[in-house]
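# An overview of the molecular structure
The chain contents come next:
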Amino acid sequence: MILAGPGSGKTTTIIERADFLVRDQLISPADMAFVTFTNNAGRMLRDRLAKKGIEGLGYVGTLHGMMLQLLRQIYPTLTVVDGEIVKERLEAQAKLLAYNGSREGLAMALRGDSSCGRAAERVAAAYRREMLNDRLIDCDSILIVGRDCLKAHHIHSPWQVVFVDEFQDSAMVDKEIYEALDPEWLTVVGDLDQAIYGFRGARPENMSDVWNDPSFERYLLSKNYRCSHLVCSAANAVIRRNINRIPKQTEPAREFSGQITAIRFDREADERVAVAREVLRLINSGSPAESIAVLAPTNALVDALATEVLTVAPVAKVEERWKPRDWSLAVMLSQLVASPENHGLALLFVRERARFEKADTAAAEAQLRELQAKGGTAAEYLDLPSFRLLLSLNANLSRFGISSASCRLMAERIRLWKPASALQLVQALQADPEQRSQAGVNVMTIHGAKGCEWPHVIIAGVDDLEGEEERHRLLFVALTRAERSVYATRCSRRERKVAGRTMVFSRQDDACFRAIEAVSTSARILTGQSVSAG
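Residues numbered from 1 in each chain as written. Predicted model: local features only at pLDDT ≥ 70, side-chain atom pairs only at ≥ 80, totals over all residues. Heavy atoms only, no water.

This part covers the packing of aromatic side chains. All told, the structure shown has 5 aromatic pairs when counted by the stated rule. Measuring from ring centre to ring centre gives 6.2 Å for F167 and Y178, while their planes differ by 50 degrees; the resulting arrangement is tilted. Of this pair, F167 sits in the loop between β6 (161-164) and α8 (172-181) while Y178 sits in helix α8, placing them 11 residues apart in sequence. Each of the two residues, F167 as well as Y178, counts as buried. Taking the centre distance of 6.4 Å and the plane angle of 65 degrees together, the rings of F349 and F400 count as edge-to-face. In this pair, F349 is assigned in helix α14 (residues 343-357) and F400 in the loop between α17 (387-392) and α18 (404-417), connecting sequence segments 51 residues apart. Comparing F349 with F400 shows no difference in burial state: the two are buried. One Lys or Arg, R218, reaches over the ring of W211 and ends 4.6 Å from the middle of that ring. Looking at R484, its charged tip hangs above the ring of F256, at a distance of 4.5 Å from the centre. (Phe/Tyr/Trp six-rings, centres within 6.5 Å; stacked < 30°, edge-to-face > 60°. Helix = DSSP H or I, 4+ residues; strand = E, 2+ residues; numbered from the N terminus. Buried < 20%, exposed > 50% of the residue type's maximum accessible area, 1.4 Å probe, protein only. Lys NZ or Arg CZ within 6 Å of the ring centre and 35° of its normal.)

Here is the structure:
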């Protein structure tokens, strides 16, 4: 286990360890798997490994992708579906089993949360069986079914070495999967102090469990090659308030001291104006807009701050991940080309197409079922294009109800991913590509800033952080995005909409902000008048 603090070079460490296993232990790259938190992180890791000469890897990507690959050992045509399809099938099973519990209980059961109750668990189990019979699966079920199949030895891991990044954000089912994979070499990398995805079901205790497991060798990376002395001091002062953590310090490796400013406000409007003025001050002092980040706990505060910052500087605009209305049809078509014998998917495709075209599906479904009874494939009835034809973009996809907008997006994904198989084409169409931005100040949530770094970071709304230990971890992550300077703010009152009415809530003082003030080079309390005076 590698306990890697912020800015400590964890990716470099992973790459060097992989290189050691290849060079000294004679492990083939094909026997190595790397699990990353996102597909984009996986692509970047693969590129960096390739520069080191480590290519032909067994697997690089998310845990969901890994388990889907393993499940296809026993379900070769298994296809991932989501949205309305999942909702309809789950509700149908609930009705069949006379389930009278809540929808939230069903959602919890689907995620594998045993606190949902037995009735919801029975519905989820029956739903998964029916889906697997049709060779279909949803994202939540991939991990649960994969874990169960590994434990029952229905599927087997082909990898001798497994690396797991961002282990602090793993859930209980993730940990159980890594145990069931049982590789000869298992390396987990993470930092309990940066565990900020509890709302997604992450279990930070996984880190502590492994740290205290005597079968693991333990290594600590505490040197911070990113942050200044004062930023490290502020981060340490905040995070040491947590009880449930592995004690460590983030130690500055850089020589400059940096700058910390902590300011309190009475009103949100004053806070927003002051943030915009700090952005303008940094730009006027020679800092490019791209070197500045404004971070906040909530999307609502991010939107309000972005509007204010736009009055003084350009804001980095993230292109929306727009997809045509019929994009689900294009994805399903690629899935059918990859799994032409999957009749369950073929029926879904016929229904989905009929929904877009507002047509009757009964005749088409009857013909599909008749063909299935005769042993024919969906490809024969639907006259599917070949993978090569689909890849060349010469296929006439309008006959499948797919628009020209979806065809253009398919072409873009094909150029980006360069899929070598029908299965890789499916992955390319289902993935969310890296977001591209136009130059400007980066305004985003603290969660969205994970893995990023900037010379100057403005943290607004420190009082709006929720939870006890999690709020300290969020603030720790926000602080350690900064290389040189931090400008932190809090408000004594905030407005909230409650039942259509605007209400003002007082915010209690907290030791968290006082810890930043204690190491700051400038701490102030600003009223509306002093902000207006500039």
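Here the narrative resumes.
A separate point is the environment of V210. Within the secondary structure, V210 is located in helix α9 (residues 205-211). Classification of V210 by relative accessible area gives buried; the value is 6%. Taking C-alpha positions, V210 is 8.8 Å from V188, a pair spaced 22 residues apart along the chain.

Turning our attention to the pairing of strand β14 (residues 454-459). For β14, the tally of buried residues reaches 5 of 6 residues, placing the bulk of the element in the interior. Pairing analysis gives 5 bridges linking β14 to strand β15 (residues 482-491), with the strands arranged parallel. When the sheet's bridge partners are listed, I459 is paired in β15 with A488. (Pairing = 2+ DSSP bridges.)

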